[in-house]
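Understanding the architecture of this molecule
Chain by chain, the residues run as shown.
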Amino acid sequence: MRGNELYAITDLQGRPLFFITESNEIDFRPIILRSASKLVALGICRPILVFDRGGYGIHFFKLMDESADFVTWAKYVGDKALARIADSSFTVGIWLNNKKYHVYEELRKVSESAQTAKSEGRSEPTSMMLRMVVLENVETGKRVAIYTNNTDKPLYDIAHYMLNRWGDSENIFKEMMARFNLNY
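In this text, all values refer to a predicted model and were calculated from it rather than measured experimentally.

Details of the nonpolar core
Among the nonpolar cores identified, the biggest contains 30 residues, and Leu49, Phe51, Phe61, Met64, Val134 and Tyr147 are the most heavily contacted of them. Looking at this core, the elements that each hand over two or more residues are strand S1 (4-10), strand S2 (16-23), helix H1 (28-41), strand S3 (48-51), helix H2 (58-65), strand S6 (99-111), strand S7 (127-137) and strand S8 (143-148). Excluding anything up to four places from it in sequence, Met64 contacts Ile32, Leu33, Leu49, Phe51, Asp69 and Phe70. Judged by nonpolar contacts, the second largest core, of 15 residues, contains Trp73, Tyr101, Leu135 and Leu155.

This is how it looks when you write it as structure tokens:
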């Protein structure tokens, strides 16, 4: 069904900075790059953009790295790989949204497949070093990984950015739908 997507770009407190409306047939990644450019134009020298797996792409990460930092869920890091991380490696704890997490980090070289590069019109796959931050929910033992190109912020800040993004960004759309009596 044809329609539009409404993207809300907010600050860390969830306050909207600006909105972008695009056809739902448009790839999410150019929207993220456009948002980064707009934030730079607003005076934020190197913005940090936090987004979901829809923005995932190693070549895209490399393009993004030129002007902005990003934080996103790490795709293709399986439960078995996360389970191999020794419990003693988790050196930081954070409490957020009424949940306690242990946090670990490592640098990891990530590469796209040759097939992905070819399908996007490039002859060579892109690869780059990323910081992988792993969160372990203390109550459930479940581990999830985050990728970021930012190496300056403390790992608890990176975890905070991703965990705060999850519910808040979806909630703003629910609130707007209720406020403006939208049904889709």
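That was the structure; now back to the text.
Concerning the pattern of salt bridges
Throughout the structure, instances matching the rule amount to 12 salt bridges. For Arg131, the salt bridge is made with Glu105, and the minimal N-O distance between the two is 2.5 Å. Of this pair, Arg131 sits in strand S7 while Glu105 sits in strand S6, placing them 26 residues apart in sequence. Among the residues examined, Arg131 registers a relative accessible area of 5% and is labelled buried. By relative accessible area, which is 34% here, Glu105 ends up partly exposed. Salt-bridge contacts for Glu120 lead to Arg122; the nearest nitrogen and oxygen are separated by 2.6 Å. A cluster of three or more residues bridged by salt bridges with shared partners is formed by Arg46, Asp65 and Asp69.

Regarding the environment of Gly55
Along the chain, Gly55 falls in the loop between S3 and H2. C-alpha of Gly55 to C-alpha of Ile31: the two residues are 24 residues apart in sequence and 9.2 Å apart in space. In this structure, Gly55 is in contact with Phe28, Arg29, Ile32, Phe60 and Phe61, ignoring residues within four places of it in sequence.

Brief notes about the side chain of Glu112
Note that Glu112 resides in the loop between S6 and helix H4 (114-119). The class for Glu112 is buried, based on a relative accessible area of 10%. Looking at Glu112, its side chain comes within polar contact range of the side chain of Arg122, at 2.3 Å. Among the polar contacts listed, one links the side chain of Glu112 to the backbone nitrogen of Thr126, at a separation of 2.9 Å. Setting aside anything within four residues of it in sequence, one finds Glu112 in contact with Ile58, His59, Ala117, Glu120, Arg122, Glu124, Pro125 and Thr126.

The rules behind the values
- Residues numbered from 1 in each chain as written.
- Predicted model: local features only at pLDDT ≥ 70, side-chain atom pairs only at ≥ 80, totals over all residues.
- Heavy atoms only, no water.
- Core = buried A, V, L, I, M, F, W, Y, C linked by side-chain atoms within 4.5 Å.
- Buried < 20%, exposed > 50% of the residue type's maximum accessible area, 1.4 Å probe, protein only.
- Helix = DSSP H or I, 4+ residues; strand = E, 2+ residues; numbered from the N terminus.
- Contact = heavy atoms within 4.5 Å.
- Salt bridge = Lys/Arg side-chain N within 4 Å of Asp/Glu carboxyl O.
- Polar contact = N/O pair within 3.5 Å; in protein donor to acceptor, adjacent residues only side chain to side chain.

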